[in-house]
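Survey of secondary and tertiary structure
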Amino acid sequence: MKLFFRKSGHGKPLVILHGLFGISDNWASLARMWSEHFAVYAVDLRNHGQSPHAEEWNYSVMAEDVLELIADEKLNEVSLLGHSMGGKAAMRLALDYPQAVSKLLVSDIGPKKYEEHNRKVVEALQRVHPEKLASRKEAEAMLVHDLRDNSTVQFLLKNLSWKESGEKKHLGWRFNLDVIARKLDAVSEATDSPAPCPVQTLFIRGENSEYIRPEDENGIKRVFPDSEILTIKNAGHWVHADQPQAMYEAVMDFCG
């Protein structure tokens, strides 16, 4: 699958993979900073953003999509950075095709299986039916009522856009909500392998996040023996949004 991506800068490649319901533009500010040192590729994963939609949706096909982008762009010495779902896809790529990745950075997710955390969000999105609404404000009001979390609502609304249908315009989600709703368990599965990954890896966790706990460290080391874990203070699951300067410096220290 040919993925949509935003390229900026020159130098060794840094490929960035967003999380569930994310888009490449979520990383625009940091991508601009890193582009002074790297050729930055901020990617829309399948069923997200401006990339194609498909019925098949799991970490293996997501990894293969990114591998195709790496091959198409003739990239070498790739630093691959993924957040949450994107981190799982990045781990899958490094495990299956270690020769394609020089350095791996995983933001606030581990290789273990997780319980579903996003069913409530999916159900709230399914109640919106944006094609029937006259404005973004109506969608916002419905999501705020259901989710009670304005930061999450604003994050989701970045995926709401006007689409043309004949001579009429209507609102619609950029992500493939139908497939995501039916296959949500695919983003909770473990990212594992019989053989350990040889790629040098940095796990970045938010101090206030529960996604990587002390008891997970042995499991991380088993799958990624050449790895270290860096904790970013005063950050939750969205480390890059909570502490962008610390995230910038972590990537520069590891990849520079």
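Along each chain, residues carry numbers from 1 onward, in the same order as the chain's sequence is written. Residues qualify for local features only when their pLDDT is at least 70, as the model is predicted, and side-chain atom pairs are given and counted only at 80 or more; totals for whole chains, interfaces and linings, by contrast, use all residues. Think of the side-chain values as coming from all heavy atoms in the structure, minus any hydrogens and water.

Considerations on the packing of aromatic side chains
Note the cut-off: Two aromatic rings, drawn from Phe, Tyr or Trp (for Trp, its six-membered ring), form a pair once their centres lie within 6.5 Å of each other, and the interplanar angle then sorts them: stacked below 30 degrees, edge-to-face above 60, tilted otherwise. Each helix is a run of DSSP H or I of at least 4 residues and each strand a run of E of at least 2, with the numbering of both proceeding from the N terminus. Here the term buried applies to any residue with accessible area under 20% of the maximum for its type, exposed to any over 50%, and partly exposed to those in between, with areas from a 1.4 Å probe on protein chains only.
Per the counting criterion, the structure on display carries eight aromatic pairs. Judged by centre distance (5.4 Å) and plane angle (50 degrees), the ring pair of phenylalanine 5 and tyrosine 41 falls under tilted. Taken as a pair, phenylalanine 5 in strand 1 (residues 5-8) and tyrosine 41 in strand 3 (residues 39-43) lie far apart in primary sequence, 36 residues in all. Centre to centre, the rings of tryptophan 173 and phenylalanine 175 are 5.1 Å apart; their planes meet at 15 degrees, and the pair counts as stacked. Exposure class is identical for tryptophan 173 and phenylalanine 175. Each is buried.

Overview of unusual backbone geometry
The phi dihedral of serine 84 falls on the positive side, at around 55 degrees, and the residue is not glycine. Structurally, serine 84 is set in the loop between strand 4 (79-83) and helix 3 (85-96). Overall, serine 84 belongs to the buried group, its relative accessible area being 13%. The backbone phi angle of aspartate 108 is positive, close to 55 degrees, even though this residue is not glycine. Here aspartate 108 shows up in the loop between strand 5 (103-107) and helix 4 (119-126).

None of the figures reported here should be taken as evidence of function without further support.
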